[in-house]
Amino acid sequence: MQWRAWKRPVRGLFLAGLVGLTVALASCGTKGRLPVYPVKGKVLVDGKPAKDAFVNFFPKDTGGREPYAPYAQTNENGEFTLSTYETGDGVPAGEYDVTITWPVRYNPISTLWEGDRLKGRYADRNKPPFHVTIDKKAQELPPFELKSSGPGK
């Protein structure tokens, strides 16, 4: 009989705590994030779309914040949409060095992409082949036009 008297208040406290925890967890996921802006682009190799190429953006200055590195993988048309915090969310405004790799194959055993059809020519972060400035607005970048032949690394 006494348990029934406590059952409703205990359930109410439990539900209130659960709601509070949910709100706290949902709000802490975006704390400290920079605003992002949608950025799309395209990768062409010898004038043709590069399917499954990886595009990596490296900020020249993170403003003292935790490091972040926007990235994308191209589709069958060589098109990509950059992601920073979540898939396709965009990129913080600023200046970036850009590297591109185009893997030879996906290894299902190691679950890694292997090789680079471009022989590392566009992948050196110390000598980035491209520099891009992202404005505080949605934008589409001009195509990254690459060559499949040339001096290898």
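Everything in this summary refers to the structure shown in the same document. Here, residues in each chain are numbered from 1, in the same order as that chain's written sequence. Only residues with pLDDT of at least 70 are given local features in this predicted model, and only at 80 or more are side-chain atom pairs given and counted; all residues enter the totals for whole chains, interfaces and linings. The side-chain quantities take in all heavy atoms of the structure and omit both hydrogens and water.

## Things to note about the overall build of the chain
Consideration 1: The numbering of helices and of strands both runs from the N terminus, where a helix is a DSSP run of H or I of at least 4 residues and a strand a run of E of at least 2. A count of helices and strands for the chain gives one helix and eleven strands.
Consideration 2: The cut-offs for exposure are 20% and 50% of the maximum accessible area for each residue type, with area from a 1.4 Å probe on protein chains only; residues under the lower value are buried, those over the upper are exposed, and the others partly exposed. Among the 153 residues that make up the chain, the fraction classed as buried is 31%.
Consideration 3: Whether two residues are in contact is decided by their heavy atoms: any pair within 4.5 Å suffices. Expressed as a percentage of contacts within the chain between residues at least 6 apart in sequence, the contacts between residues at least 24 apart total 67%.
Consideration 4: Residue-level accessible areas treat just the shown protein chains as cover; the underlying method is Shrake-Rupley with a 1.4 Å probe. When the accessible area of the chain is evaluated, it comes to approximately 10400 Å², of which 56% is carbon and sulfur surface.

## Section: the pattern of salt bridges
Opposite charge on two side chains allows them to pair when their charged atoms are near.
Consideration 1: For salt bridges, the criterion is a side-chain nitrogen of Lys or Arg within 4 Å of an Asp or Glu carboxyl oxygen. In this structure the tally under the stated criterion is four salt bridges.
Consideration 2: The residue Lys-60 makes a salt bridge to Asp-97 at a minimum N-O spacing of 3.4 Å. Within this pair, whereas Lys-60 is found in the loop between strand 3 (54–59) and strand 4 (71–73), its partner Asp-97 is found in strand 6 (residues 94–101), the two being separated by 37 residues in sequence.
Consideration 3: By relative accessible area, Lys-60 is classed as partly exposed at 46%.
Consideration 4: The class for Asp-97 is buried, based on a relative accessible area of 15%.
Consideration 5: For Arg-105, the salt bridge is made with Glu-114, and the minimal N-O distance between the two is 2.8 Å.
Consideration 6: Judged by its relative accessible area of 27%, Glu-114 is partly exposed.

## Observations regarding the side chain of Thr-84
Consideration 1: Mapped onto the elements of the fold, Thr-84 is located in the loop between strand 5 (79–81) and strand 6.
Consideration 2: Assessed through its relative accessible area of 13%, Thr-84 is described here as buried.
Consideration 3: Within 3.5 Å is the distance limit for a polar contact, defined as a pair of N or O atoms, with the added protein rule that one can donate a hydrogen and the other accept it, and that residues adjacent in sequence qualify only through two side-chain atoms. Within the structure, the side chain of Thr-84 is placed 2.6 Å from the backbone oxygen of Gly-90, a separation counted as a polar contact.

## Structural notes on the sheet that holds strand 6
Consideration 1: Only strands that DSSP links by at least two bridges are regarded as paired with each other. One open sheet holds the four strands; their spatial order is 4-3-6-9, and the pairing between them is antiparallel. A single partner strand is all that each edge strand has here, and the edge strands are strand 4 and strand 9 (130–134). Between one strand and the next, the sheet's axes are offset by a mean angle of 25°, whatever the strand orientation.
Consideration 2: Note: strand 6 against strand 9, five bridges, orientation antiparallel. Opposite Tyr-96, over in strand 9, you have Val-132 as the bridge partner. For helices, the fitted axis covers only the stretch in contact; all axes are lines through C-alpha atoms, and the angles between them, taken along N-to-C directions, range from 0 to 180 degrees.

## Topic: the packing of aromatic side chains
Pairs of aromatic rings are described using the distance from one ring centre to the other and the angle between the two planes.
Consideration 1: Whether two aromatic rings pair depends on their centres lying within 6.5 Å, for rings of Phe, Tyr and Trp, where Trp uses its six-membered ring; planes under 30 degrees apart make the pair stacked, over 60 edge-to-face, and the rest tilted. One pass over the full model with this rule turns up five aromatic pairs.
Consideration 2: Between Phe-80 and Phe-144, the ring centres sit 6.2 Å apart and the planes meet at 25°, which makes this aromatic pair stacked. Note that Phe-80 is positioned in strand 5 and Phe-144 in strand 11 (residues 144–146), a separation of 64 residues in sequence. Summarising the burial analysis for this pair, Phe-80 and Phe-144 share the class buried.
Consideration 3: For the ring pair Phe-130 and Phe-144, a centre distance of 4.9 Å and an interplane angle of 70° mean the geometry is edge-to-face. With Phe-130 in strand 9 and Phe-144 in strand 11, the pair connects residues that are 14 residues apart, well separated along the chain.
Consideration 4: Judged by its relative accessible area of 18%, Phe-130 is buried.
Consideration 5: Three or more aromatic residues joined by ring pairs form one cluster here, namely Phe-80, Tyr-122, Phe-130 and Phe-144.
Consideration 6: Two thresholds decide whether a charge sits over a ring: the Lys NZ or Arg CZ must be within 6 Å of the ring centre and within 35 degrees of the ring normal. The ring of Trp-102 carries the charged tip of Arg-117 above its face, separated from the ring centre by 4.4 Å.

All quantities given are derived from atomic positions and should not be read as evidence of function.
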